[in-house]
Amino acid sequence: DGTETACNANSACTAVNGKNTCDTTTNFCVACTSNAGCTEGSNTTCNTFSGACHDGTKTACNANSTCTSVSRKNTCDTTNNFCVACTADAGCTEGSNTTCNTFSGNCHDGTETACNANSACTAVNGKNTCDTTTNFCVACTSNAGCTEGSNTTCNTFSGAC
């Protein structure tokens, strides 16, 4: 789609920010082709399907069949190449959790607004910050988000001031 840099050797990737390895299978610059390429912070595991480093808490995939042994996450999100619970509402059939948070790949009850950036929360009353850990709009993720009256402390577990 034109968003990736083509290559035939690592030397072709030296000017590509964060993607200095040439995946000679796909001929695109990637962050990694093995765990050895992942050395930044806690992101020490290579998702060999996407060529991106991650913290190892998710299972990498390239098809639903790759996810069959992953508890409650048997769908492959082929955009990010991770096993998730859902990629659409149709994947959410357990109890009241019938809405898919397509940003996190988890099912929820639909009472919260899903997000991947603060801009997705601008129309949400009192919850204009995106918690990028849960991918839901919240009032705050730190005390800096709590400026109304005496509610100046953020409950980072609930996202409320």
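I will try to describe carefully the structure that is included in this document. (Residues numbered from 1 in each chain as written. Predicted model: local features only at pLDDT ≥ 70, side-chain atom pairs only at ≥ 80, totals over all residues. Heavy atoms only, no water.)

**Topic: the overall build of the protein**
Secondary structure assignment for the protein yields zero helices and ten strands. Ordered by position from the N terminus, the helices and strands of the protein form the series β-β-β-β-β-β-β-β-β-β. Within the protein, buried positions represent 30% of all 161 residues. Taking the contacts inside the protein whose residues are at least 6 apart along the sequence as the reference set, 9% of them involve residues at least 24 apart. Looking at the protein as shown, the accessible area adds up to about 9,800 Å², and 45% of this sits on carbon and sulfur atoms. Positive and negative side-chain charges of the protein, numbering 5 and 12 respectively, have mean locations separated by a distance of 4 Å. (Helix = DSSP H or I, 4+ residues; strand = E, 2+ residues; numbered from the N terminus. Buried < 20%, exposed > 50% of the residue type's maximum accessible area, 1.4 Å probe, protein only. Contact = heavy atoms within 4.5 Å. Areas by Shrake-Rupley, 256 points an atom, 1.4 Å probe, with all protein chains shown as cover. Lys, Arg positive; Asp, Glu negative; His and termini not counted. Charge placed at Lys NZ, Arg CZ, Asp CG, Glu CD.)

**Some points on the pattern of salt bridges**
Scanning the model with the defined rule gives three salt bridges in all. Between Glu94 and Arg72 there is a salt bridge whose closest N-O contact spans 2.5 Å. Highlighted residues: Glu94 in the loop between strand 6 (82-84) and strand 7 (99-101) and Arg72 in the loop between strand 4 (52-54) and strand 5 (75-77), separated in sequence by 22 residues. Among the residues examined, Arg72 registers a relative accessible area of 61% and is labelled exposed. Lys127 serves as the salt-bridge partner of Glu112, at 3.2 Å between the closest nitrogen and oxygen. Of this pair, Glu112 sits in the loop between strand 8 (106-108) and strand 9 (129-131) while Lys127 sits in the loop between strand 8 and strand 9, placing them 15 residues apart in sequence. (Salt bridge = Lys/Arg side-chain N within 4 Å of Asp/Glu carboxyl O.)

**Remarks on the packing of aromatic side chains**
The full count for this structure, using the stated rule, is zero aromatic pairs. The positively charged end of Lys58 is found above the aromatic ring belonging to Phe82, 5.2 Å away from the centroid. (Phe/Tyr/Trp six-rings, centres within 6.5 Å; stacked < 30°, edge-to-face > 60°. Lys NZ or Arg CZ within 6 Å of the ring centre and 35° of its normal.)

**What to know about the side chain of Asn135**
You can see Asn135 is positioned in the loop between strand 9 and strand 10 (136-138). Under the relative-accessibility criterion, Asn135 is labelled buried at 10%. Discounting chain neighbours no more than four positions away, the residues touching Asn135 are Asn101, Phe103, Ser104, Thr113, Ala114, Cys115 and Asn116.

**What to know about the side chain of Asp131**
Here Asp131 shows up in strand 9. Buried within the structure, Asp131 lacks any salt-bridge partner; Lys127 is the closest side chain of opposite charge, at an N-O distance of 11 Å. Not counting residues within four places of it along the chain, the set of residues in contact with Asp131 comprises Cys115, Phe136, Val138 and Thr141.

**Overview of the state of the cysteines**
Under the criterion given, the structure shown has twelve disulfides. Bridging Cys86 to Cys100, the disulfide has an S-S length of 2.1 Å. With the S-S dihedral at roughly 90°, the linkage between Cys86 and Cys100 falls on the right-handed side. Separated by 14 residues along the polypeptide, Cys86 in the loop between strand 6 and strand 7 and Cys100 in strand 7 bring together distant segments of the chain. Taking relative accessible area as the criterion, Cys86 reaches 1% and is therefore assigned buried. (Disulfide = S-S within 2.5 Å.)

**So, unusual backbone geometry**
Of all residues except glycine, most have a negative phi; of all peptide bonds, most are trans. Of note in this structure, Asn27 is not a glycine but carries a positive phi near 60°. Within the secondary structure, Asn27 sits in the loop between strand 1 (21-23) and strand 2 (28-30). Of the residues examined, Asn27 reaches a relative accessible area of 32% and is grouped as partly exposed.

**Quick look at the environment of Glu94**
Each C-alpha atom, one on Glu94 and one on Thr39, is 38 Å from the other, the two residues being 55 residues apart in sequence. In terms of polar contacts, Glu94 uses its side chain to reach the side chain of Arg72, at 2.5 Å. (Polar contact = N/O pair within 3.5 Å; in protein donor to acceptor, adjacent residues only side chain to side chain.)

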